Amino acid sequence: MAVKESRPRPAAVKALVSTMAFFSFVGLMTGYGLLSDPTGAGIGLSQDLLEDAPVGDFTMVGLFFLSFFGLLPALAAYGLWRLPRWGWTDAVNRWTGQNWAWTATAALGVILLLWIAVEVVFVGALTGIGGAMQAIITALGVAMLAMVTRPSVRSYARLDG
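Let me sum up the structure you'll find in this document. (Residues numbered from 1 in each chain as written. Predicted model: local features only at pLDDT ≥ 70, side-chain atom pairs only at ≥ 80, totals over all residues. Heavy atoms only, no water.)

## As for unusual backbone geometry
- Not every positive phi belongs to a glycine, and Leu 83 is a case in point at roughly 55°.
- Along the chain, the position of Leu 83 falls in the loop between helix 2 (59-82) and strand 2 (84-85).
- Overall, Leu 83 belongs to the buried group, its relative accessible area being 2%. (Helix = DSSP H or I, 4+ residues; strand = E, 2+ residues; numbered from the N terminus. Buried < 20%, exposed > 50% of the residue type's maximum accessible area, 1.4 Å probe, protein only.)

## Side note on the nonpolar core
- By size, the foremost hydrophobic cluster in this structure holds 37 residues, and its most contacted members are Leu 16, Met 20, Phe 69, Leu 80, Leu 112 and Val 153.
- Contributing elements (two or more residues each) for this core: helix 1 (11-36), helix 2, helix 4 (100-122), helix 5 (128-148) and helix 6 (151-157).
- Considering every element that reaches this core, the biggest residue donor is helix 4, with ten residues.
- Apart from residues lying up to four places away in sequence, Leu 16 is in contact with Leu 80, Thr 105, Met 144, Met 147, Val 148 and Val 153. (Core = buried A, V, L, I, M, F, W, Y, C linked by side-chain atoms within 4.5 Å. Contact = heavy atoms within 4.5 Å.)

## With respect to the packing of aromatic side chains
- As enumerated under the stated definition, the model contains ten aromatic pairs in all.
- Ring geometry for Phe 64 and Phe 69: centres 5.3 Å apart, planes at 80°, overall edge-to-face.
- Overall, Phe 69 belongs to the buried group, its relative accessible area being 0%.
- When the centroid spacing of 5.9 Å and the interplanar angle of 80° are considered together, the rings of Phe 69 and Trp 115 count as edge-to-face. Taken together, the residues Phe 69 in helix 2 and Trp 115 in helix 4 connect sequence positions 46 residues apart. (Phe/Tyr/Trp six-rings, centres within 6.5 Å; stacked < 30°, edge-to-face > 60°.)

Now the structure itself:
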């Protein structure tokens, strides 16, 4: 594994890594909570939320949170901080001209926005803590996409050859 030589990280990279690390922690804890108690009661969710959803309990939601809101942001944050070059990521690197971590970060921003869109379709716009979480996840998705497309971040993650 080759790691890009050390150079100053732009402020937007630091903000992205901090955002993803926080989001990863929240995703891991939420995923764990939903898998520990698939009824959702353990983290204050009602089974009524699943009335029109294609799942009967929160197990699949917990796995989604654990994977895409827990592990993916942790991996992308590590990658964006260190910029490792792994052979198995070469196809993604060549496709975008950026380190795989940049692509994973951009994909994560899109996944956040798609998650909210799907949730609103199946569950509706929520109120209370659920509505606040929908707003926060939407804002995080938009902020991540805005930061990852900044010229300083694109330049930092650009492949040098």
